[in-house]
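# Structural overview for review
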Amino acid sequence: MEWEIVNVLYREMTYKRLRANPQLSTDWNKFIKAFKRSGSLKRTLLSQSILFGIFGLMLFPGVYYVKDPSGSAVIYASYCLLPLIMALYGTAVTAQYAISLGLFEPLLSLPVRVGGKYLSALLLITELPSTLFLLPPAVALSLKLGPVAGVLGFAWALMGAFIGHTLGLLIYDRFGKASGGKFSGLKTAFKAFGILLVMSLFYGLNYLQRYVASHYETLKGVFERYSVAYPFSVSTVEKPLLSLGLLAVYGLVIGAVYVLTVRRLWRRISEGTATERRGGRARLSLHSPALALALKDFKIATRNTSLLTGLLMPVVVIIPSLAGALKSGSEGSALGFVLAVGWTSAIAIDAVLKIDGRAFEVLHSLPLSLRTFLRGKLVTMTTVPITAGLLAVMGLSLRNPGSLKVLPLALFLPVATAGTTLTVFYWGIREVALPQTTWKKMLLALLANGIIIGGTAGLWYVEWFLSLPFVLLVDVLLLWHLSR
Amino acid sequence: MIEVENLVKRFGGKVALKGISFTVRDGEIYGLLGPNGSGKSTTMRILAGIIPPSDGKVVVEGIDVAENPIEVKRIVGYIPETPVLYESLTPVEFFSFVGSIRGIPKGELEERVERLVKAFGIEEYLGELIGTLSFGTQQKVSIIAGLLHDPKALILDEAINGLDPKSARIMKELLNGFKEEGKSIVFSTHILAVAEALCDRIGIIYNGELIAEGTPEELKRFAHEESLEDVFLKLTESQEEVSSLVRALREAF
Ligand SMILES: Nc1ncnc2c1ncn2[C@@H]1O[C@H](COP(=O)(O)OP(=O)(O)O)[C@@H](O)[C@H]1O
Ligand SMILES: [Mg+2]
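Source: prediction; values computed, not measured.

Here is what the cut-offs are and how they apply
- Residues numbered from 1 in each chain as written.
- Chains lettered and ligands numbered in written order.
- Predicted model: local features only at pLDDT ≥ 70, side-chain atom pairs only at ≥ 80, totals over all residues.
- Heavy atoms only, no water.
- Salt bridge = Lys/Arg side-chain N within 4 Å of Asp/Glu carboxyl O.
- Buried < 20%, exposed > 50% of the residue type's maximum accessible area, 1.4 Å probe, protein only.
- Contact = heavy atoms within 4.5 Å.
- Buried area = accessible area lost by both parts, 1.4 Å probe.
- Polar contact = N/O pair within 3.5 Å; in protein donor to acceptor, adjacent residues only side chain to side chain.
- Helix = DSSP H or I, 4+ residues; strand = E, 2+ residues; numbered from the N terminus.
- Pairing = 2+ DSSP bridges.
- Axes fitted to C-alpha atoms, helices over the stretch in contact; angles between N-to-C directions.
- Near = heavy atom within 4 Å.
- Areas by Shrake-Rupley, 256 points an atom, 1.4 Å probe, with all protein chains shown as cover.
- Nonpolar A, V, L, I, M, F, W, Y, C, P; charged D, E, K, R; others polar.
- Patch = residues over 30% accessible without salt bridge, like charges linked within 9 Å, V, L, I, M, F, W, Y side chains within 5 Å.
- 1 Å grid on protein atoms, 1.4 Å probe; cavity = no way out; pocket = protein on both sides within 12 Å on 5 of 7 lines; lining within 4 Å.
- Points joined across faces, edges and corners; volume = space filled by probe spheres on them.

### Digging into the pattern of salt bridges
Applying the stated criterion to the full structure yields 21 salt bridges over all chains. Two residues, Asp 64 of chain B and Lys 57 of chain B, come together in a salt bridge whose shortest N-O distance is 3.2 Å. For Lys 57 of chain B, a relative accessible area of 40% gives the class partly exposed. The partner of Glu 181 of chain B in a salt bridge is Lys 183 of chain B, with the nearest N and O atoms 3.3 Å apart. Residues joined in a network through salt bridges with shared partners are Lys 296, Asp 297, Asp 356 and Lys 377 of chain A.

### Things to note about the interface of chain A and chain B
Accessible area lost upon the coming together of the parts serves often as the stated size of an interface. At the junction of the two partners, chain A supplies 32 residues and chain B supplies 36 residues. For the pair chain A and chain B, the summed buried area comes to about 3,300 Å², and 65% of that belongs to carbon and sulfur atoms. When the buried surface of chain A facing chain B is broken down by residue, Leu 284, Leu 286 and Pro 367 of chain A rank first, second and third, together holding 24% of it. Linking chain A with chain B are three salt bridges, by the criterion used here. Where Arg 303 of chain A meets Glu 93 of chain B, a salt bridge forms, and the shortest distance between an N and an O atom there is 2.8 Å. Here chain A is connected to chain B by 10 residue pairs in polar contact (both at pLDDT 80 or more). Contributing elements (two or more residues each) for the side of chain A that touches chain B: α16 (289-302) and α21 (360-364) of chain A.

### Side note on the sheet that holds strand β8 (residues 184-189) of chain B
Residues and elements named next belong to chain B. Spatial ordering of the open sheet is given by β6-β7-β8-β3-β9-β10, a layout of six strands whose pairing is mixed. Single-partner strands in this sheet number two, and they are β6 (76-79) and β10 (209-214). Neighbouring strand axes in the sheet, compared pairwise and without regard to direction, differ in orientation by 15° on average. Here strand β3 (residues 29-33) pairs with β8 via five bridges, running parallel. When the sheet's bridge partners are listed, Tyr 30 is paired in β8 with Val 186. Strands in contact with helix α1 (residues 40-47) are β3, β6, β7 (153-157), β8 and β9 (201-206); relative to β8, the strand with the most contacts, it is inclined by about 155°. Against the sheet, helix α9 (residues 228-235) touches β3, β9 and β10, its axis set at about 30° to β9.

### Some details on the sheet that holds strand β5 (residues 63-64) of chain B
Backbone hydrogen bonds are what pair the strands of a sheet, in a parallel or an antiparallel way. A sheet is described by the order of its strands in space; here four strands give the open sequence β2-β1-β4-β5 (chain B), paired in antiparallel fashion. At either end of the open sheet lies a strand with only one pairing partner, and these are β2 (14-24) and β5 of chain B.

### Quick notes on the site of ligand 1
All names here are of chain B. Within the structure, ligand 1 sits among Phe 11, Lys 14, Ala 16, Pro 35, Asn 36, Gly 37, Ser 38, Gly 39, Lys 40, Ser 41 and Thr 42. The separation between an oxygen atom of ligand 1 and a polar side-chain atom of Lys 14 is 2.9 Å. Contact with the protein chains hides 62% of the accessible area of ligand 1, taken as 560 Å² for the molecule alone. Among the secondary structure elements, those contributing two or more residues to the shell around ligand 1 are β2 and α1. Residue contributions to the shell around ligand 1 peak at three residues, all from α1. Partitioning the shell around ligand 1 into residue classes produces three nonpolar, six polar and two charged.

### Let's talk about a nonpolar patch on the surface
Residues and elements named next belong to chain A. Where nonpolar side chains cluster on the molecular surface, the patch consists of Leu 167, Leu 170, Val 249, Leu 252, Val 253 and Val 257 and spans about 490 Å² of accessible area. Breaking the nonpolar patch down by element, the ones donating at least two residues are α11 (147-175) and α15 (240-271). Locating Leu 252 in the fold gives a position in helix α15.

### Some words on the environment of Glu 331 of chain A
Residues and elements named next belong to chain A. Looking at the secondary structure, you find Glu 331 in helix α19 (residues 331-347). Linking Glu 331 and Leu 477, residues 146 residues apart in sequence, is a C-alpha distance of 28 Å. Once residues within four sequence positions are removed from consideration, Glu 331 is found in contact with Asn 400, Gly 402, Ser 403, Lys 405 and Trp 460.

### With respect to empty space enclosed by the protein
Gaps between atoms show up when a probe of the same size as a water molecule is rolled over them. Applying the stated criterion across every chain yields a total of three cavities of 30 Å³ or more. In terms of lining, the largest cavity is formed by 16 residues, of which the most central are Ser 365 of chain A together with Tyr 78, Pro 80, Ala 145 and Gly 146 of chain B. Classifying every residue of the lining of the largest cavity by side-chain character gives 10 nonpolar, four polar and two charged.

Written as structure tokens, this is what we have:
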């Protein structure tokens, strides 16, 4: 019965998510196929578990191939943060999403008492597979230090997920209102920062692993001293009983918080997405059509966490090449960074075409030509990469003023790649619509961008100032095409 | 003036409109009346340049819809059956967006928003996200957005459905005002009283065909019936069906 309700909620959430994807909702057959694939909770859980289990294998050697046994424990303890952070982020974001979809509305009219538990169960169950990430390192731990350590270690990983989930619910219950109000700008900034943080977790983890491996002696001391505040498994090795006791205490405390939060949650859900007043009456402001389109996109994205994540993705993807450029400080590596920015602005097409969602229909009733629409999308696609690129290059120039040579490219290359991608995707389309993403188009876009980026790089190495006219030529051609 | 000639619309193999013709004169409110699924919304969307006709000719204020849908959108005000709006914008932001795309001069936009917002009494919601507003308020936002550019022709798809009596009354007053200004107005509904009170002429659409047309009086005389409801039920051949359904319902409780 309970499982049945969660199952139905999950199906409904998947249905609505797929329905909101305009590329699927316009093609019934494709939609049904996608829904059959991901609409079953059991199937999703199974495939996710396998996926995360396999990912977790990457963490196995980090724990297993450490000489000192307590080194293994320290490294494992640092991994234990992962389920916590993932569950926290997943819960806070998905709770908002699930409720905004109106998933729980049908339950409201039924005699359900603690309805919040369904939201919690839905989120918790979908988060469980990610905990399997820690199964392989836990196995490594038990191979090194015996089964007690392994089992306790994995129990702590589960506890971490539970703590994260509870905190996520608490955050949602406390702050989960739709954006608006006095501090909405600040909240957006925080949200953007949080998203960047979580998305760069992967790089962070890589770094952490190396850091922990070389400093585990000191860390061990710190972890041990604060074993009550940071209990994850470290004490497992030497004091399994203490660890077990801590596990019980944490379970009781967090459990109590959890129960209270879930009870309160239902009130929030039944009230719906209550918004605070958005301070005062905003004034009407007019812009050129293309700019108005882009501004609308950004307003929507800053009020929707998953869209914001998509728009900020380019920034995350370029972090490694920025790190590389910072390390070497050469002009060549600054160029490499700008080329990476060029690639990522092409990738942004996916997020940008999702922004309008169901409201795309609005655009059909307005006198909007495809060219204007595409110019607007071009602005949306390139704003984040160009800003990030310009800022980063200026930062790099502090180390090596020669990097300033790539500054114009940081401005013009994203326009070329994003514009080319739009042109390819909209080839043969004559009115405002959402294009089907076919393999052919993706391949073509990849090829065209490869030529632009390769050409830019090649010309740079012939003579650095030659690359700029090349990119400008592409830009001019595109803008001419988009303004006809 | 809106001229519809032999309009056909096919969705895949399904024929939603089977060649309908009618004319809406300047300063006239034309009611398109029909049961659910008869093709009203499809007709309205074609008139507004949103979807292309499969066959036939539609000319709005001298502009062919199939040839130049964007020009048609420029002069037409279309209000959809269910409001489709950007839910994470506020009404003011949405009006700004529509005004920008349509290139409405700032002064005019401000004046019209002010007037319409006041008429529909939604001042207090202007700064809230559209997604959090009630259905009726969203409907009002949708109506206002469709009127911002002072359209020459109006296409209203069941636009009064979600409104409270006061707003419905205001809407009727607005439409009568537009009529006096000489705008052509098409109005679809399945609520007969509304059609009878508001429309100069009515076309009854059923199964994708226009089966009768005339003033409310003409229709009644023609069908030898007392009320428009009887005319409607008679023409759509559902009278027998309805009474047997009603009987079955009564027995169920
Ligand atoms: N996009 C579409 N695809 C397929 N069939 C459609 C589509 N839009 C409308 N129809 C069909 O056309 C017919 C007329 O629909 P509609 O114009 O919405 O009717 P009404 O507005 O009078 O209720 C219905 O049978 C409907 O199922
Ligand atoms: Mg309809």
